[in-house]
Structure formats: structure tokens, C-alpha cells
Amino acid sequence: MEITTRERNAYAKKHIENEYHLRRWTPIRYIDNTKETGLKNDTHCCVIGKLISVKEHNMRSSDGTYVRATVIDWISKQYVSICFFHQPYALKKYKKFEGMEVFVSGKACYDEQYGWSIKALVTLKPFSPSCFRVIPIYSKIRGITEEKLSTHLDQVLAEQEEETVPDWMRGRYRMCGINEALRYVMKPETPKQISIGMQR
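Everything quoted here is computed from the prediction, not taken from an experiment.

Remarks on the confidence of the model for the protein
- Across the protein, pLDDT averages 93, with 100% of residues at or above 70.
- At the level of individual helices and strands, the protein shows its lowest average pLDDT in helix α5 (residues 167-172), which scores 92, and its highest in strand β5 (residues 101-111), which scores 97.

Remarks on the nonpolar core
- Counting residues in hydrophobic clusters, the biggest one holds 20 residues, and the most contacted among them are Ile82, Phe84 and Leu124.
- When contributions to this core are tallied by element, the ones reaching two or more residues are β2 (43-58), β3 (65-73), β4 (79-85), α3 (90-95), β5 and β6 (115-126).
- The leading source of residues in this core is β2, at four residues.
- For Ile82, the residues in contact, after removing those within four places along its chain, are Val67, Arg68, Ala69, Val71, Val104, Ile118, Leu121 and Leu124.
- If you look at the next biggest cluster of nonpolar residues, it comprises 17 residues, including Ile16, Leu149, Ile178 and Val185.

Here's the deal with helix α4 (residues 146-157)
- Its twelve residues give α4 an end-to-end C-alpha distance of 16 Å, which sits within 8% of 16 Å, the value for a rise of 1.5 Å per residue.
- Burial in α4 covers these residues: Leu149, His152, Leu153, Val156 and Leu157. All buried residues of α4 fall inside an arc of 125° around its axis, so they share one side.

Calculation rules
- Residues numbered from 1 in each chain as written.
- Predicted model: local features only at pLDDT ≥ 70, side-chain atom pairs only at ≥ 80, totals over all residues.
- Heavy atoms only, no water.
- pLDDT = per-residue confidence, 0-100.
- Helix = DSSP H or I, 4+ residues; strand = E, 2+ residues; numbered from the N terminus.
- Core = buried A, V, L, I, M, F, W, Y, C linked by side-chain atoms within 4.5 Å.
- Buried < 20%, exposed > 50% of the residue type's maximum accessible area, 1.4 Å probe, protein only.
- Contact = heavy atoms within 4.5 Å.
- Expected span 1.5 Å × (residues − 1).
- Arc of directions from axis to C-beta.

If you want it as C-alpha cells, here you go:
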């Protein structure tokens, strides 16, 4: 794995000294984005709809601005707001998706005055079948972005570890191989893969 000295030092602060350690840096939780759920109050939801606007607004109680994106949910036909505070880059990042069909996931909340909103946003991007997947959430490592961590994990998972459990034992207890288990735990595609990987 090719990493910079700064990245190596950042990993070392979390006691990740080599590729073996990184392959054991398991997620702290998983987010199930494997199906469209529609809007459900106070629950993690996956919504597909049209992004109709992304605008910058002034704060009411203090100086400064925030960005609000508005999506129409295809199932309920309700307007859903997603607000970005202290994220000035959000306007440029999401403005290009206006008018497109998008996939949104996060905690949905309903307010009688303001209607539906998505808090703790996980995903907002153009919809495609690849949006339906499990998202592993890792502990933050200062100096390593989520994108960089994902790249490094792909690199180390591409390397094959030697199998230490005999074939007869894996067959008897219906366990997958070590490399499959690591892939299923670190980069799962379905909830079932997580359970198979954890069993190993």
C-alpha cells in the first residue's frame, strides 16, 4: 500500500502500524441503504425523488448563511428539506444535481410547521442502482479522509492472506475463508454478508 509519511503517522496514532492492522480496522456500525423506504418519522430512511432546488439562505438568529436543498419524494409526493450549516461548499457540490433524480438517505423528521426534513444526512447523489448498498461507518482518523480510507482499504483487501483454518473445519461450521470474511465485514454489499463475515 502506497501512503505518505503524514498518512502513516496518522494511522500510527490509532495503533495501525501495517496492512494487517488496517484489515482489522472494522466499522463501528453499518447503515442499511439496500432498499427504498419512503419517509418514516424519526427513522433512517432511503428516499428517491427529484432535487428541485439548492439555495443559500441567511441565518435568522445570527450572521452567516446556510444551504438548503429541496427534494420531492416520489412515493409520498412530499417536499423534503436538507439543510447544510457551516458547509459553504454544499452549494457548489449539490447545485449541479438540480432537476435530477436523486437518492437521499438519513434520519427523516417531521415537523407540523416545517414539514419533512432529513437530519444526519448520509447520502445525496444522483440515483443509480449502485446506491442500494450497505455503508460501513468507521471511527474517524485525523488526517485521513473517508475517501482516502476507502481507497487504502480496497488496496489492502486486494491482497490475499494465508488461510489458517483447515478446510474440514470451515466446512463443518459453514465458515467462509478469511479473505471473504474480511471483505464482507469491511466492505459488505448486503446485511447477510456482514453476518457471514462476523461468524468467521
